[in-house]
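These are the residues of each chain, in order.
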Amino acid sequence: MPGLLGRRATPRRYLMCSPAHFKVTYSINPWMDPAKPVDVPLAVAQWEDLRDRYRSLGHTVEELTPRAGLPDMVYAANGATVVDGRVLGARFAYAEREAEAEAHLDWFRAHGYDEIHEPLHINEGEGDFAVTASYVLAGRGFRASPLSHGEAQEFFGRPVIGLDLVDPRYYHLDTALAVLDDAGDEVMYYPGAFSPGSRSVLERLFPDALIATEADAASLGLNAVSDGLNVLLPHAAWGLFDPLRERGFTPVGMDLSELLKGGGSVKCCTQELRP
């Protein structure tokens, strides 16, 4: 099947931020427990392994300088959404993360991006926006405001499809759905994270989607990044490896166990800079 499908990787450009100041001192999602100690050197080593793996696969990784007092900056996917070189900034739901939005916009301004929109409504970047060739999929229910969907559609000029999240463990869309092939509108997702109506929408839009089990979703296996061939995902989501191979993808297991303590994994640490 891989040969027949003719999968190939396309070079990507990512923005990441080191977990040098990572810690869990508050809880804003079900994964966070301040009582559990965080091993910062291990978190940094795991993050560097992910960064270096991207580079070894031929991708470009830009680095955002971490700021003291912002322990969640490592989850760089939440800081903005970039489509066609246009930057939709973030507006965070919780005060603990508010300053991250400006840190991201400062980076984009310093790197020559001139089409930047500072949002009026709450959105947490690629946490709740997933981009395919045909759509911008947009999560809501725990963080992003439904009003952010219209704002994104107007700015990007692409159809935005709203999806309702109903399980607090999957508080962002990128914990419940991953884009496997953006050019081919191919995704994988966990149905139990979505409302019945949203499941029906996903079935209609993506009838051939890879459906994840509860066990793989619970290990944040859907918090994954694909370049069209290689799919980087938590190694604990081993149940997804064979189904991915059967579709012609190459699963690449990553250990981000320390960063899982903050409620994120591969995708949360990775913002895609789409040209």
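Residues numbered from 1 in each chain as written. Predicted model: local features only at pLDDT ≥ 70, side-chain atom pairs only at ≥ 80, totals over all residues. Heavy atoms only, no water.

A. Region of the structure containing the pattern of salt bridges. Taken as a whole and assessed by the stated rule, the structure comprises 26 salt bridges. Its salt-bridge partner being Glu-186, residue Arg-7 comes within 2.9 Å of it at the nearest N-O pair. Note that Arg-7 is positioned in the loop between α1 (2–5) and β1 (13–17) and Glu-186 in strand β10 (residues 186–189), a separation of 179 residues in sequence. Residue classification places Glu-186 among the buried residues on the basis of a relative accessible area of 15%. For Glu-115, the salt bridge is made with Arg-86, and the minimal N-O distance between the two is 2.9 Å. Of this pair, Glu-115 sits in the loop between α3 (98–110) and β5 (116–117) while Arg-86 sits in strand β4 (residues 86–89), placing them 29 residues apart in sequence. Look at Glu-115 and you get partly exposed, because its relative accessible area is 37%. Salt bridges here are not isolated pairs; linked through shared partners, they connect Arg-12, Glu-126, Asp-182, Lys-267, Glu-272 and Arg-274. (Salt bridge = Lys/Arg side-chain N within 4 Å of Asp/Glu carboxyl O. Helix = DSSP H or I, 4+ residues; strand = E, 2+ residues; numbered from the N terminus. Buried < 20%, exposed > 50% of the residue type's maximum accessible area, 1.4 Å probe, protein only.)

B. Representation of the layout of surface pockets. The computed volume of the largest pocket comes to approximately 220 Å³. If you trace the largest pocket, you find 15 residues lining it, with Arg-12, Asp-182, Glu-272, Arg-274 and Pro-275 closest to the centre. When grouped by side-chain class, the residues that make up the lining of the largest pocket number seven nonpolar, one polar and seven charged. In this structure, the second largest pocket occupies an estimated 150 Å³ of space. Around the second largest pocket, the lining comprises 11 residues; the ones closest to its centre are Arg-8, Thr-10, Asp-181, Ala-183 and Gly-228. Taken together, the residues that form the lining of the second largest pocket break down as two nonpolar, three polar and six charged. (1 Å grid on protein atoms, 1.4 Å probe; cavity = no way out; pocket = protein on both sides within 12 Å on 5 of 7 lines; lining within 4 Å. Points joined across faces, edges and corners; volume = space filled by probe spheres on them. Nonpolar A, V, L, I, M, F, W, Y, C, P; charged D, E, K, R; others polar.)

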